[in-house]
Amino acid sequence: MGGWLRLVAARVGFSAFVALAAAFFALPMLWLVFAPFDPTPTLAARPAGPTLANFRDVFQNPLVLTSLRNSVLLALYAMVLVVAAATLAAYALSRVHLPGRDLLLYVLLLFSSVVSGTAAMVPLFLLVFELGLINTYLGVTLVLTGGLLPAAIFILKDFTDTTPTSYEESARVFGASPFQILRDIVVPLVRPGMAVIAVWSIVNVWGNFLIPFILLRDPDLAPASVVTYSFYTEGGQADLRLLSAFSLLYSVPVVVMYLFVQRRYGFRFYGGIKR
Amino acid sequence: MAEVVLRSLVKEFPGGVRAIDRLDLRIEDGEFFALLGPSGCGKTTLLRTIAGLEAPTEGTIEIGGRDVTRVQPGGRDVAMVFQDYALYPHMTVIDNIAYPLKVKRVPKAERHRTAAEAGASLQLEATMERRPGQLSGGQQQRVALARAIAYRPQVFLFDEPLSNLDARLRLEARSFLKRLQHELGTTTVYVTHDQSEALALADRMAVMEAGRVRQLGTPVEVFRRPANLFVAGFIGSTPMNLLEATVEDGGLRVGRSRLPLPAAAGAHLAAGDKVVVGVRPEYATLAAEERPGAIAGQVTLLESLGSAFLVSVEGDGVRAQVTVPEGGQPAVGDRAFLVPDPGRLLVYRADDGELVGAGQPAESAAAQGMRATPP
C-alpha cells in the first residue's frame, strides 16, 4: 500500500515539476502573443483587447522598418560570407593533411567560445577603428563572420569528412578541375550541412546586439536588435506597448524562416550523406 | 587503345612504407591484365599510381607511348571504376554516366545520347532517371562501368569492381565483364584479391607480394607452374599440397613414402637437398592399393565440393589432399594412396621457395614480352 502511494506521489511530483519548468519557458512566449494586442500591457501574460493600436504606434517610429531591413541585410551578408568561407575551409581541412590540423581546429573552436564577444569587444573595436570600418556594414559583417566561422567550419568539416573521397577521385580521373569538383560533387553532397550553417548564422546575427550596437554609430544603420533598446523612456522605463509590438515584429521573420526551412529541407544534423 | 609500361616504379609512403618496390611491367595493348595479391601487397596503390591519384617516388609510367609520370589524372585518358563505384548520389543515372563528358565540355544533347547508348548496352535503359541509391548493387556496378565506357578511355582501371556483389551476381558480372572487354578491346588493368576472379578474367596476370611481382604469366601458366611457394600457396581454390621432402638418388623422400623426382628438377638438385614438393589436389589421383610413387596414409576427412570430393589423406606426419570425382570417394578410415600425376609434380627449394627447373615457362614468358622483377 505504502509503495503504491509513494509511486503516485512520485508521479505527481514529477509532473508538477515538469509543468512548472514548462510554464517558466512558456510564459514569456505567451506574453509575446498577448501583450502586443493589449491596449495597456503589463508584465503579466493575460489575454486582453485585442487592438492593433500598438502596431500603429510602433510604425510611427521611422526606425522600425529600416531596422528590420538592416537586420535582414546584415544577416544575409554574414550568412553568405560564413557559408562560403566555412565550406571552402572545411573542405580543405577535411582533405588536406596538415600537421597539427586537428589541434588548430580545436584551438580555434575553444578560443571562439571561451573568449566571448564581450571580452573581445575592446580589441575588436580598436581593430575595426584602425581599419576605418566603424559605422559600416562591412566592419560589422566581418566581425560577426569571424565569430561564427570556427564553429561553422567545425560543423561543416564533419559533413565533408563523411563523404567518401572516391567521389572526388573518380571526378579527378575524368579530368574535373578542383573548382568543378567543388561545384559539381562536394557542394551538392554537403548541402544539408550548408543549410544548417546558413540558418544558424542568420539566427545568430539576427539576435546579436552587442557588436552592431558598438560598431554602428548611425541610428539609420542600426539593426532591429539595437533598435529594441530605443523603446525605453529616458528614465529607463520600458514602453511595454511599443516594445511588445516591436518584439513580435522582430521575432516573426526568424520563426517564418524556421518553418520554411523545416518544411523545405527538414533539419538533418546527422552529417553528410551515408550509403 | 594503348599499352601501359611501368619502368622501375617505386612508391614510398611517408614513414618509409614501400608499397611498390622497383617494379617493371608492360601491359600490352588491348590486354585484360589482372593484378592479384593479398591485401596490402600494393596492387591498389599500383593501380592508383597508374591513374595518377598517387605520385610515384621513382620510375616512369607510359600510357600509349606517352610518358605520363607527371601528368594529372585527367590528362592520362584513363577511366577508373572504384570498389565502391563512386556514383554521385545526387545525380541521376544518366547524369552520372554523362558527367565525364560534361567535364570534357561535350554539348548536353550529345553527351546524353552517348550516355544513353552506353547505358543501353549494359541494360540500364529503365533506370536512367533514377538515383544510384535506388539501384541494386549489380545495377550500380553497371552504371559505374557505363560511365567508364562512355568516356572512351585508352585504358580501363578496375579496382575490385566485383567485390561488393553477392556471390552469384559476381559470377554473372564476371562473365559479362570479360565479354564486354573482349568487344571493346580496351586495355584493362584489373585489381583483385580473388584468385579465381583473376584466373577467369585475365589474359595475363601478375601475382604481387609486398610491392613486387612474384609471378607474371597467363592464368594457365600461373595455375600449372607457380614460380614460387608464395604463388603456389595463393593460387587455387583448393590449396596446393606443399610437402617437405629430401632428395635421394633419383627420388623424393616424403615421410615414409617415395615420390619420383621430375627430370627437369633433378638436374638442379643433389642428394640430401631439402625441398618442398607441390601437388595440386586436382593433379593427383587416389588409389586403394599400394603402388610406387604414392603417398600412403589413411583417409581422415571428406569435404564435398559439389561434383567432387576433397579427400584428406594422413600418414607418418604427412597430410595431403586430393580431389576425387563424386562416386569415387573412399570412406573415412580407409587406407589410401595419393598418386601425383606424372609431369604435374613441382619441386621448390626449401630455402628460397623458388621453383626448381623453372626454365621452360620463364622462356615462354620472355617470348611474350613479359618481365617480372626478380624477387
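## Digging into the pairing of strand β8 (residues 187-192) of chain B
All names here are of chain B. Counting buried residues in β8 gives six out of six residues, a clear majority hidden from the surface. Burial along β8 is two-sided: the residues Thr187, Val189 and Val191 and Thr188, Tyr190 and Thr192 are all buried. Here five bridges tie strand β3 (residues 32-36) to β8, and the two strands are oriented parallel to one another. Directly across from Leu35, in β8, lies its bridge partner Val191. Strand direction decides the pairing type here: strand β7 (residues 155-159) and β8, joined by five bridges, are parallel. Following the sheet pairing, Phe156 is matched in β8 by Thr188. Running through helix α5 (residues 167-184), the crossover from β7 to the neighbouring parallel element β8 is right-handed.

## As for helix α7 (residues 165-173) of chain A
Every buried residue belonging to α7 of chain A is among Tyr167, Glu168, Ser170, Ala171, Arg172 and Val173 of chain A, and all of these are buried. Those residues of α7 of chain A that are buried are in contact with α8 (178-207) of chain A together with α1 (43-51) and β6 (78-81) of chain B.

## Observations concerning the sheet that holds strand β15 (residues 284-287) of chain B
All names here are of chain B. Taken in spatial order, the five strands of this open sheet run β15-β19-β16-β17-β18, and their pairing is antiparallel. Both edges of this open sheet fall to β15 and β18 (318-325), since each of them pairs with a single strand only. Taking each pair of neighbouring strands and ignoring which way they run, the sheet shows an average axis angle of 45°. Inspection of the sheet shows strand β17 (residues 308-315) paired to β18 by eight bridges, in the antiparallel sense. Each bridged residue has a counterpart across the sheet, and for Phe309 the counterpart in β18 is Val324.

## Quick word on the interface of chain B and chain A
On the side of chain A, 16 residues touch chain B, which itself brings 18 residues to the contact. Across the side of chain B that touches chain A, the residue classes break down as 14 nonpolar, two polar and two charged.

## Remarks on the environment of Ala238 of chain A
Relative to the helices and strands, Ala238 of chain A is located in the loop between α10 (224-227) and α11 (240-264). Setting aside residues up to four positions removed in sequence, Ala238 of chain A forms contacts with Phe231, Tyr232 and Leu243 of chain A.

## A short note on unusual backbone geometry
All names here are of chain B. Here the phi dihedral of Ala86 falls at roughly 50°; this positive angle occurs in a residue that is not glycine. Assignment of secondary structure puts Ala86 in the loop between β6 and α2 (93-103). Even without being a glycine, Glu160 presents a positive backbone phi close to 45°. Within the element layout of this structure, Glu160 appears in the loop between β7 and α5.

## Some details on the domain arrangement of chain A
Residues and elements named next belong to chain A. According to the domain assignment, chain A contains domain 1 (2-51) and domain 2 (56-265). If you average the C-alpha positions of domain 1 and of domain 2, the two centres end up 33 Å apart. Taken together, the contact pairs five residues of domain 1 with seven residues of domain 2. In terms of residue class, the side of domain 1 that touches domain 2 is made up of four nonpolar, one polar and no charged.

The rules behind each value
Residues numbered from 1 in each chain as written. Chains lettered and ligands numbered in written order. Predicted model: local features only at pLDDT ≥ 70, side-chain atom pairs only at ≥ 80, totals over all residues. Buried ≥ 20, exposed ≤ 12 C-beta atoms within 10 Å, placed from the backbone. Helix = DSSP H or I, 4+ residues; strand = E, 2+ residues; numbered from the N terminus. Pairing = 2+ DSSP bridges. Right-handed = clockwise from strand over helix to strand, strands pointing away. Contact = placed C-beta atoms within 7 Å. Axes fitted to C-alpha atoms, helices over the stretch in contact; angles between N-to-C directions. Nonpolar A, V, L, I, M, F, W, Y, C, P; charged D, E, K, R; others polar. Domains from an automatic or database assignment.

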